[in-house]
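# Overview (structure and organization)
So the chains spell out like this:
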Amino acid sequence: MGSWRVCAASIAVLWVTPIAVAPLAQEKAPAKLPRPQRLDRDIQFRRDPSTGELREIPRGTAAPSAEAGPPAAVIRTRVSLVEVGSTVFSPDDLPLHGLVREDFRLFEDDVEQRIAHLDASTAPASIALLIDASPSVFRELDEMREATRALSRNLSPQDEVAVVAFAGGIHLLLPFSRDRGLLERAVASPELARVANSSESNIYLAIYLAARNLFRERSGRKAMVVLTDGQDSGLGLSWNPASTMPESGARASRLTFEDVARELASRGVEAYVISTQNRPRAMTPAWLAAHRNEMLITPAARELGMVHYTLYLAELVRRVGGEIYFLRELGTLGEVYRRIAETLSAQYTLGYYPSSGLSRPGWRTLRVELRGHAGARLNYRIGYYVPSE
């Protein structure tokens, strides 16, 4: 009988022990990279003849007929707050921190506006990386994968990053995300090699669709970082400034440079362009600053030996704000990304309600001034666009 009790106790101990042992800790599985999306699939454009603005419609949509009558009335609301990003650099070209609202003056169409609020880079930034995967730039992609880690290290954990790759088509590899592991995997994705199977490079279509699809309903600091050689296949840009504007007749609904600038400017998205070409000798920072308020595509620029496709990149930056960098001048893509992240982290966002309201569509000019900081340099967008709708 005693023997039975010992045996039973032993059995009980053997039975309980496995339950009492804590299970081994398991590593959390990494988030899965979402399936790529084709942004340029099944879309077409139609230009509104009354406003001159481009509308995106599903492919195959028939043009409205006269018998259809006027379109139904649509009630829209428009938030009247305008946000202007401004980066301030000291005389030794370092970002200047610690400024307050009273340090700034802001003008719209030469009329001073009351600055309602100032955000000193505390709100999360939305940053879209656009990667030119055409054969002329594809050789830079190995370096880009390494440089993405440098970007991740210099961004705030709350900043969100999206990735778009383009050549002939435009592919969204990663929607906005704070997951830096997903960011690195998106840039290292085999999808980039598949995108590269095209000799075309639809740079400005990619910029337009990324702005339209990714930045809808987003506020705060917004930036697009574009790695490209600037040689666009789609818009037919030339030394004639008229090539930036819409045409008439059958070609009226084609995307133009003006449409791209309007889209970014209406959404407050700045462009940080990284050119893989050499900087034109005459395109110095001083030259760009001197031509800040005038179009860069001119006969004088051509006589200085500049190439028009690089000038158009600089022209986009001039219109919507941001910076143009030349990869071969700065050495490594990681260094360029570090500078962009540093600039964004030092950016002030000035918010104001236009005294004239937003009922008048079209371009509005902007000017930002700094009080009491002699020699400081400001970088901000020179205007914004109010759509008619």
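An account of the accompanying structure is given in this report. What you are looking at is a predicted structure, and each value in this text was computed from that prediction instead of being measured. Each residue is numbered by its place in its chain's sequence as written, counting from 1. Only residues with pLDDT of at least 70 are given local features in this predicted model, and only at 80 or more are side-chain atom pairs given and counted; all residues enter the totals for whole chains, interfaces and linings. Side-chain numbers come from the whole structure's heavy atoms, not from hydrogens or water.

## Some points on the nonpolar core
The nonpolar side chains of a soluble globular protein tend to be buried, and buried together. What we call a nonpolar core is a set of buried Ala, Val, Leu, Ile, Met, Phe, Trp, Tyr and Cys residues that are connected through their side-chain atoms within 4.5 Å. Burial here depends on accessible area, computed with a 1.4 Å probe over protein chains only, as a share of the maximum for the residue type. Under 20% is buried, over 50% is exposed, and the range in between is partly exposed. Counting residues in hydrophobic clusters, the biggest one holds 54 residues, and the most contacted among them are L130, Y204, I207, L214, M224, L311 and L316. Starting at the N terminus, helices and strands are each numbered in turn, a helix being any DSSP run of H or I of at least four residues and a strand any DSSP run of E of at least two. When residues of this core are assigned to their parent elements, the largest contribution, 10 residues, is made by helix α6 (residues 203–214).

## Looking at the sheet that holds strand β5 (residues 104–108)
DSSP calls a pair of strands paired once it identifies at least 2 bridges connecting them. With antiparallel pairing, the 4 strands of this open sheet are ordered in space as β6-β5-β15-β17. Two strands close off the open sheet at either side, each with one partner strand: β6 (111–113) and β17 (383–386). Taken over all neighbouring pairs, the strand axes of this sheet differ in orientation by 35° on average, direction set aside. Here β5 runs beside strand β15 (residues 362–370); their pairing, made up of 5 bridges, is antiparallel. When the sheet's bridge partners are listed, F107 is paired in β15 with R367. Angles here are taken between N-to-C directions and fall from 0 to 180 degrees, while the axes themselves are lines fitted to C-alpha atoms, restricted in helices to the stretch in contact.

## Topic: unusual backbone geometry
Residue D93 is not a glycine yet carries a positive backbone phi of 70°. With respect to the helices and strands, the residue D93 is situated in the loop between β4 (82–89) and β5. The phi angle at E217 is positive, at roughly 70°, despite the residue not being glycine. Tracing the backbone shows E217 in the loop between α6 and β11 (222–228).

## Side note on the sheet that holds strand β7 (residues 115–119)
Taken in spatial order, the 4 strands line up as β7-β14-β4-β16 in an open sheet, and their pairing is antiparallel. The sheet is open, and its two edges are formed by β7 and β16 (377–380), each paired on a single side. Adjacent strand axes in the sheet meet at a mean angle of 30°, parallel and antiparallel pairs treated alike. Pairing of β7 with strand β14 (residues 347–352), which is carried by 4 bridges, proceeds in the antiparallel orientation. Each residue of the ladder has a partner; that of L118, found in β14, is L350.

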